[in-house]
Amino acid sequence: MRATSRKKVLAIVLAGGEGKRLMPLTADRAKPAVPFAGIYRLIDFALSNVVNSGYLKVVVLTQYKSHSLDRHISQTWRMSTMLGNYVTPVPAQQRLGKHWYLGSGDAIFQSLNLIRDERPDTVVVVGADHVYRMDFAQMVAQHCESGAACTVAAIRQPIGIADQFGVIDVHPEDPTRIRDFLEKPADPVGLPDSPHEVLASMGNYVFEADALVEAVTRDATTTGSKHDMGADIVPAFVRRSQAAVYDYRDNVVPGATDRDRGYWRDVGTIGTFYAAHMDVVSPLPVFNLYNFDWPIYTSYGPQPPAKVVQGADGAPARVDEAVLSPGSVVSGGTVLRSVISPAVGVAAGAVVEGSVLMQGVRIGPGAVVHNAILDKNVVVPAGARVGVDHEEDRARGFHVEDGLVVLGKDQPFPGPQG
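Residues numbered from 1 in each chain as written. Predicted model: local features only at pLDDT ≥ 70, side-chain atom pairs only at ≥ 80, totals over all residues. Heavy atoms only, no water.

### Section: the overall build of the chain
For the chain, the count of helices and strands is 9 helices and 27 strands. Taking the principal axes of its C-alpha atoms as reference, the chain extends roughly 70 × 50 × 45 Å. Nonlocal contacts in the chain, meaning residues at least 24 apart in sequence, comprise 59% of its contacts between residues at least 6 apart. As displayed, the chain offers around 17800 Å² of accessible surface, 51% of which is attributable to carbon and sulfur atoms. (Helix = DSSP H or I, 4+ residues; strand = E, 2+ residues; numbered from the N terminus. Contact = heavy atoms within 4.5 Å. Areas by Shrake-Rupley, 256 points an atom, 1.4 Å probe, with all protein chains shown as cover.)

What follows is the structure, given as structure tokens:
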């Protein structure tokens, strides 16, 4: 039996993100609760990775507009209480003073009672708003073998875009050890085995429990700290030469294909959120949702099967490069290169192309939706256009960014056509 199999592991998912750059999708919900790929929420990817890795004691730290996130976790992520397993949302509780979480490090500091109650040997800390597959057990195994107090997961990126990431500078003689933590460096040094690449932090960490408790406690009284995991907690381990790096390239997930192996997407902006959806709908998906050896778990309610039928006038429906969720109906309309969520209706003569339609959206007869993201329950009237004329979209009060048009949850369609 491996030593790591005897380790008691607690997983902490940091899900308090406000997600300002995803507005208006985050106007009514926390970023980890934003729907993705039809039936999922962003947090389902982090939780599925943790659970598939064999870690079944999980706390989710929430804060910003967390109602829909708390409800999704409570209704979907139910574990065997007989075996002492759980996935539980823990909102900011102001246990240590009349203030909310000041940062991700402070979130853990204010929640140290969870660590003390569980008494784990090792703590896995992950973000809640990335799209990827990862076996954390492999990372924990390397962490235990390294003897480090802290291990940071990192993904290789071209050195030319290093100024977009937090970059991990490794020791040339021991590339598993972190020499420095660089925030968006202008002139970084490439990796010893690949000079044209750097290692970018993924926001996933493994800690020795005692070391994590000590680190966040010390940081809580440090003047000038942002109380952030990436900006303060991990760099403190680096300064004490106690930090190691885990190369995501070494992670082998069952069922992965050559095309989607190593996929990781930070969906923190409207542009990257949209691009990740296009990765899903492509004929040979860059991210494969159909890996049944490492499933992404979720719940979407009692929806009937998806349905594609001709319209009332006998015109056939056309659907290609599309994800159709349960409960959706395409009736004589055209859906191309798009994601259709549960309970979405596309009426006769309507054209939806390059778009993401969230639950309950209705596209009226003859309407056109192009390069758009429509949040829940948006109704596009018959003959209306979205994404065809951006000046027209702006005049109606729609959000236009990176060539995309975004309508928020329940946003009405104004103008004479509405």
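### Observations concerning the sheet that holds strand β14 (residues 307-309)
Strand order in this open sheet of 5 strands is β14-β16-β18-β21-β24, and the pairing throughout is parallel. Each edge of the open sheet carries a strand with a single partner, namely β14 and β24 (379-380). Here 2 bridges tie strand β16 (residues 329-331) to strand β18 (residues 345-346), and the two strands are oriented parallel to one another. Looking across to β18, one finds that Val330 is bridged to Val346. (Pairing = 2+ DSSP bridges.)

### Quick notes on unusual backbone geometry
In this chain, Met23 is followed by Pro24 through a cis amide linkage whose omega measures 5 degrees. Tracing the sequence through the fold places Pro24 in the loop between β1 (9-15) and β2 (35-36). In this model, Asn371 sits at a positive phi of 50 degrees, which is unusual for a non-glycine residue. Of note, Asn371 is situated in the loop between β22 (368-370) and β23 (372-374).

### Some remarks on the environment of Ala46
Turning to its location among the elements, Ala46 is positioned in helix α1 (residues 43-52). On the basis of relative accessibility, which here comes to 0%, the residue Ala46 falls in the buried class. Those residues in contact with Ala46 that lie beyond four places of it in its chain are Val13, Val126, Gly127, Ala128 and Tyr132. (Buried < 20%, exposed > 50% of the residue type's maximum accessible area, 1.4 Å probe, protein only.)

### A closer look at the environment of Glu353
One can find Glu353 in strand β19 (residues 351-353). What makes Glu353 partly exposed here is its relative accessible area of 28%. On a C-alpha basis, the gap between Glu353 and Pro412 in space is 21 Å, while along the polypeptide they are 59 residues apart. Excluding anything up to four places from it in sequence, Glu353 contacts Leu336, Arg337, Ser338, Val369, His370 and Asn371.

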